[in-house]
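Inside the fold
Given next are the chains, with one letter for each unit.
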Amino acid sequence: TASLHWAMLHWNIPMKSSMCCPWHNALQVAMRLLSIRESSPCTWKWNPLSGWQCGRCGSMNHEVSECCDMCREHHVKSSPDISVAGTDATPRSMAPRILSL
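The sections below set out a description of the structure shown in this document. The shown structure was predicted, so the numbers you read here are calculated from the model rather than taken from an experiment. In this convention, every chain numbers its residues from 1, walking through the sequence in written order. In keeping with the predicted nature of the model, local features appear solely for residues at pLDDT of at least 70, side-chain atom pairs appear and are counted solely at 80 or more, and the whole-chain, interface and lining totals rest on all residues. Just so you know, side-chain values use all the structure's heavy atoms and leave hydrogens and water out.

**Remarks on the overall build of the protein**
Helix and strand assignments come from DSSP, with helices taken as H or I runs of at least 4 residues and strands as E runs of at least 2, each series counted from the N terminus. Secondary structure summary: the protein contains two helices and two strands in total. Secondary structure elements of the protein occur, N-terminal to C-terminal, as α-α-β-β. Exposure classes here rest on a 1.4 Å probe applied to the protein chains alone. A residue is buried below 20% of its type maximum, exposed above 50%, and partly exposed in between. Relative to its 101 residues, the protein shows a buried fraction of 14%. Surface exposure of the protein reaches about 9000 Å², of which carbon and sulfur atoms provide 59%. Exposure was quantified through the Shrake-Rupley algorithm and a 1.4 Å probe, taking into account, for residues, occlusion by the shown protein chains and nothing else.

**Some details on the pattern of salt bridges**
The term salt bridge refers to a side-chain nitrogen of Lys or Arg lying within 4 Å of a carboxyl oxygen of Asp or Glu. Inspection of the entire model under this criterion finds one salt bridge. Residue Glu-73 is joined to Arg-56 by a salt bridge in which the shortest nitrogen-to-oxygen separation is 3.6 Å. Placement of the pair is Glu-73 in the segment after strand 2 (60–61) and Arg-56 in the loop between strand 1 (52–53) and strand 2, with a sequence separation of 17 residues. Looking at Glu-73, the relative accessible area reads 34%, which means it is partly exposed. Looking at Arg-56, the relative accessible area reads 56%, which means it is exposed.

**A look at the environment of Arg-72**
Its location among the elements puts Arg-72 in the segment after strand 2. Arg-72 sits in the exposed class, given a relative accessible area of 52%. Sequence-wise, Arg-72 and Cys-54 are 18 residues apart; in three dimensions their C-alpha atoms are separated by 9.3 Å.

**Here we look at the side chain of Asn-25**
With respect to the helices and strands, Asn-25 occurs in helix 2 (residues 22–38). By relative accessible area, which is 2% here, Asn-25 ends up buried. Whether two residues touch is decided by their heavy atoms; if any such pair falls within 4.5 Å, the residues are in contact. Look past the residues within four positions of Asn-25 in its chain and what remains in contact with it is Ile-13, Pro-14, Met-15, Lys-16 and Met-19.

**Notes on the environment of Trp-6**
Residue position: Trp-6 is located in helix 1 (residues 2–9). Along the backbone, Trp-6 and Met-70 are 64 residues apart, and their C-alpha atoms lie at a distance of 7.5 Å. Beyond its immediate stretch of four places on either side in the chain, Trp-6 contacts Asp-69 and Met-70. Distance and chemistry together define a polar contact, namely a pair of N or O atoms within 3.5 Å, with one atom able to donate a hydrogen and the other to accept it when in protein, and with adjacent residues in sequence counting only for side-chain atoms on both sides. At 3.5 Å, the side chain of Trp-6 and the backbone oxygen of Met-70 are in polar contact.

**Observations concerning the environment of Gln-53**
Structurally, Gln-53 is set in strand 1. When its relative accessible area of 21% is taken as the criterion, Gln-53 is described as partly exposed. For the pair Gln-53 and Cys-68, spaced 15 residues apart in the sequence, the C-alpha separation amounts to 8.3 Å. A distance of 2.9 Å separates a polar atom in the side chain of Gln-53 from the backbone oxygen of Gly-58.

Structure follows, in structure tokens:
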């Protein structure tokens, strides 16, 4: 939800007189936009970015980006993992974090 909140902070939308506050006004616009997209045709080739995940905010970024698109944290490239013979486990600290609702 942090990335949606970040995007909403950058919107310049008119305030509806029937809304109680700018926050709920922006939420209503976001829900309406998502509702429109929900009924759009499937896009099978769509995928989130998969280059690297920000350690600060958890957002996914393009592999060539030097800093996070969301929080601007500088990307620290880690050294390649030394694999242990007979295992292919990803260290817990390197596993992508999945956002939950």
